[in-house]
Structures are given as structure tokens and as C-alpha cells.
Amino acid sequence: MNERAVRLLDFPITPVVQRTVDRAWLTYKMSGGFVRSFHQPFTYMTMRERLDSYLAQRAVSAGAEVMDGSRVVRVEAGNGPVRVSVAGETVEGRVLVGADGVNSVVAHQTGLLRGAEVGVGLESEVYAAPGILEPWKDTAGLDFGTIRGGYMWVFPKEEHLSIGVAGFARWGPRMRGLLDAYLGFLGLDGAERRLTRGHRLARRKKGMAIQSGPVLLVGDAAGLMDFWTGEGIYYAVKSAQAAAPAIAAYLEGATTDFTGYEETIDADLMPELRIARTLTRIGVWFPKLTYTLMKRSDWVWTAGCQVLRAEKTYHDVRGRMGPLTFLFDLAGRGT
Ligand SMILES: Cc1cc2nc3c(=O)[nH]c(=O)nc-3n(C[C@H](O)[C@H](O)[C@H](O)COP(=O)(O)OP(=O)(O)OC[C@H]3O[C@@H](n4cnc5c(N)ncnc54)[C@H](O)[C@@H]3O)c2cc1C
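Given the structure is predicted, the values throughout are model-derived calculations rather than measurements.

Here is what the cut-offs are and how they apply
Residues numbered from 1 in each chain as written. Predicted model: local features only at pLDDT ≥ 70, side-chain atom pairs only at ≥ 80, totals over all residues. Heavy atoms only, no water. Axes fitted to C-alpha atoms, helices over the stretch in contact; angles between N-to-C directions. Helix = DSSP H or I, 4+ residues; strand = E, 2+ residues; numbered from the N terminus. Parallel < 35°, antiparallel > 145°, perpendicular 65-115°, else oblique. Contact = heavy atoms within 4.5 Å. Nonpolar A, V, L, I, M, F, W, Y, C, P; charged D, E, K, R; others polar. Core = buried A, V, L, I, M, F, W, Y, C linked by side-chain atoms within 4.5 Å. Buried < 20%, exposed > 50% of the residue type's maximum accessible area, 1.4 Å probe, protein only. Pairing = 2+ DSSP bridges. Near = heavy atom within 4 Å. Polar contact = N/O pair within 3.5 Å; in protein donor to acceptor, adjacent residues only side chain to side chain. Areas by Shrake-Rupley, 256 points an atom, 1.4 Å probe, with all protein chains shown as cover.

Remarks on the packing of helix H7 (residues 259–268) against helix H8 (residues 270–285)
The N-to-C vectors of H7 and H8 enclose an angle of 45°; their axes lie 4 Å apart at closest approach. In terms of their interaxial angle, H7 and H8 are classed as oblique. Here Ile 265, Asp 266, Ala 267 and Asp 268 of H7 come into contact with H8, specifically with Met 270, Pro 271 and Glu 272. Among the residues forming the contact of H7 with H8, the class breakdown is 4 nonpolar, no polar and 3 charged.

Laid out in C-alpha cells, this is it:
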């Protein structure tokens, strides 16, 4: 979870943080390599189950009722109350928030987020001797160029390394081989692997509906995914924070739908996500550029860390490109 996501919360996540990262080891096509550090942490490593259960506890303390393990299988939304079939019963409400991730049943059954751009990821938990884990304790590994428009990573956890690969959907069939090759490059091909899991990533494109009547989507369900970094928690929290006042206004009768919410997402989040998508496209065209700039340019490295820390936005960085801004925008056309 990057610092910029942490900053959105009004409570600490320290109880579930396993590692604090302020360094990265960057490689290009699984060769070379250099280490860069920042004077402050830019990301925090957690185990998702622990983070999710911690957040659920916070929600319960704030008055939410959690029906853990209950799968929503059907959604009916028309002019009256919204009906959801869950755990063999039908639950009714005035508003339905689809926060059900990338394979959102809510989006699917209400016809929202149709035609999102799809990416894929594959990640393993890799267990190794403490001596191998130790050098990674404050360092993330990032490999560029092997996957054009994507990357491979090593994220250090307390007892293992999360090692993965992500990119456009067309890379799907090659992901397992690439993950094996990366593990080999890292000297971990004999290490114990657990929980190798594939994931979908979905990105909203301009104009795709994320609300209709009493239903709205947040986070991955709304396709609010940074395709450049693969980061989604920041945008999930941001969209939830935009949804909250919109829901309050709706329940008070001040509004009759969530078009205002969609407009807020369009104005506040989509321009950032679009810049991230442009960076991905540039990564496809010039696979060595990110690596070279991170290596040679203090400004680029610092700006990247500052974006992850919410000290700058992508928009700020784009604004400092001078005459290159024109070319950058040209590269992003149609994204
Ligand atoms: C391999 C990988 C690594 C990633 N690493 C990072 C990272 O380091 N930092 C980062 O910011 N982002 C990362 N992301 C992205 C991040 O995981 C998501 O963007 C983020 O979790 C989105 O939050 P969400 O709440 O919208 O969805 P989710 O976290 O997916 O939560 C959706 C919830 O809905 C539940 N659900 C789904 N369907 C139903 C149903 N039918 N009924 C009831 N419940 C349902 C699920 O069980 C889940 O609890 C990564 C993604 C992948 C694939």
C-alpha cells in the first residue's frame, strides 16, 4: 500500500504493516540493475487478508454490519429499492455500492463498466531462508522491459517475498514462463512457492458508466486502476470517499441519482489514471526509457517517489515536462 493511500485514512495501518520500503532495485530485461533510495518510505507491505480484516474491523466500529463469507449472487435494481440475493436471502436497500472488485457482480448485473480494458497479473508467495529475505527487507525489486507496458516485481513481506508479473491481457499465456524466468534470475528457482494466483485487472475508459439509478461502483469494480503502477488501493479509497457524501445527499433527497459522483470521478481521478495509461503506452513503445530515466535522472526518480507519497500528482509531473508535454499528450491520444 503506497504512502498516498495511507494518507487518505484517518487511522494508522501500522498494526498490519510487515515491511516499510524506501529503496528499489531496478533491472532491465532481467539484467544489469541498480539501487535507488528515497529519504522517506514510499510504500508499506501488508498481507491482504490482514489488511482487509483490519479495515473490516474499523468499519464495524463505525457501525457497519459485516456478513463475512456471504456471496452476492443476484442484484435487482429498478425504480424502487435495490434487492440483493445473498446467503440464501434477499436483502433490500435504498442504495447499492458495488465495491466487489474486478469481477464485480454488481457491475455485471447492472450493465455498468462495459468494455473496460483488461490486464492480467500472476503472483507467487516465495519462501526462502532468512539470509535471502534479509537484503530485501526495505527494498522492492522492479524489472522493466521484459514485459512491454508492464513489469515484474519483488515485494518483501515478513516471512516471504511476493513475486509477480503484470501486463496487458495478451501477455496472459506467457506469464507463468516469465514468472519462472524471473525467479531463476533472482536465484530463487528452487525456493518454495505458495499461493500462485492469477488476477484480472480492469481499467475504466472515458465515458464508461459507473452509476445508474440507486447503484454506484467504487474501486476495482469501477475500473479505477493505475495501469502503470498496478496500484488500486489509493483509487479505491479515493472513490469511496467521493461516494460517501454523494450517498448522504441521495438519502437526504438532495439528489435523485449518482451522476454527480461519476462527474467527480471524471474530474478528480480519470485525468490521473489517463496519464498513468499514457506512461504505460510509452513503456510499450520505448521499453528501456523508464529504466534509463530512473537510473540517470534524479528528477524522475524523485518525482516518481513523490507521486507515490502524494507530494505530487501525475498532473504536476506532466506539467514540468516543458516542450515534451505536447509529445506526451500526443502519446496519450485515444487512451
Ligand atoms: C497481483 C496484484 C498485486 C497488487 N498489488 C497492489 C499494490 O501493491 N498496491 C495497490 O495499491 N494495489 C495493488 N493491486 C490492486 C489492488 O489489489 C486493488 O486495486 C484493490 O484491492 C481494489 O480494492 P477493492 O476494494 O475495489 O476490491 P478488492 O480488494 O478486490 O475487494 C473486493 C471485495 O469484494 C468481495 N466480493 C467479490 N465478489 C463478491 C460477491 N459476489 N459477493 C460478496 N463479496 C464479493 C471480495 O471477496 C473482496 O473482499 C494489486 C493487484 C494485483 C492483482
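Section: the nonpolar core
Core analysis: the largest hydrophobic core is formed by 54 residues, its most contacted members being Ile 13, Leu 217, Leu 224, Tyr 261 and Ile 265. Take this core: its biggest share by element is 8 residues, from helix H6 (residues 233–251). Ignoring any residue separated from it by four or fewer positions in sequence, one finds Ile 13 in contact with Met 1, Val 6, Tyr 44, Thr 46 and Tyr 54.

Describing the pairing of strand S11 (residues 151–156)
Of all 6 residues making up S11, 5 are buried, and the element is well covered by its neighbours. With 3 bridges connecting them, strand S10 (residues 139–144) and S11 associate as antiparallel partners. Of the residues in S11, the one forming a bridge with Leu 142 is Trp 153. The turn joining S10 and S11, which pair antiparallel and follow one another in sequence, is formed by 6 residues; a positive phi near 95° is taken by Gly 145. In the sheet, S11 pairs with strand S12 (residues 161–168) via 6 bridges, with the strands oriented antiparallel. Within S12, the residue paired with Tyr 151 across the bridge is Ala 166.

As for unusual backbone geometry
Trans peptide bonds make up the majority, and among non-glycine residues the majority have a negative phi. Within the chain, Met 30 stands out as a residue other than glycine whose phi angle is a positive 55°. Structurally, Met 30 is set in the loop between strand S2 (23–28) and strand S3 (31–37). Notably, Ala 87 is not glycine yet its phi reads approximately 50°, a positive angle. With respect to the helices, strands and loops of the structure, Ala 87 is situated in the loop between strand S6 (82–86) and strand S7 (89–93).

Focus: the sheet that holds strand S13 (residues 192–203)
With mixed pairing, 7 strands are arranged side by side in an open sheet as S3-S2-S10-S11-S12-S9-S13. Either end of the sheet is taken by a strand with one partner, and the two such strands are S3 and S13. For this sheet the average axis-to-axis angle between neighbouring strands, irrespective of direction, equals 20°. As paired elements, S2 and S3 share 5 bridges and run antiparallel to each other. Opposite Ala 24, over in S3, you have Arg 36 as the bridge partner. Packing of helix H9 (residues 289–296) onto the sheet brings it into contact with S2, S3 and S10, and relative to S3 it is tilted by some 45°.

Considering the site of the ligand
Residues in close proximity to the ligand total 21 residues, the closest being Arg 48, Val 72, Asp 220, Gly 232 and Ile 233. In this structure, Gly 230 approaches the ligand through a main-chain N or O atom, which is 3.4 Å from a nitrogen atom. Contact between the ligand and Ile 233: an oxygen atom at 3.0 Å from a main-chain N or O atom of the residue. Within the complex, 69% of the 990 Å² of free accessible area of the ligand lies under protein. Contributing elements (two or more residues each) for the shell around the ligand: S11, S13 and H6. Looking at the shell around the ligand residue by residue, the classes come out as 9 nonpolar, 6 polar and 6 charged.

These results come straight from atomic positions and should not be treated as a statement about function.
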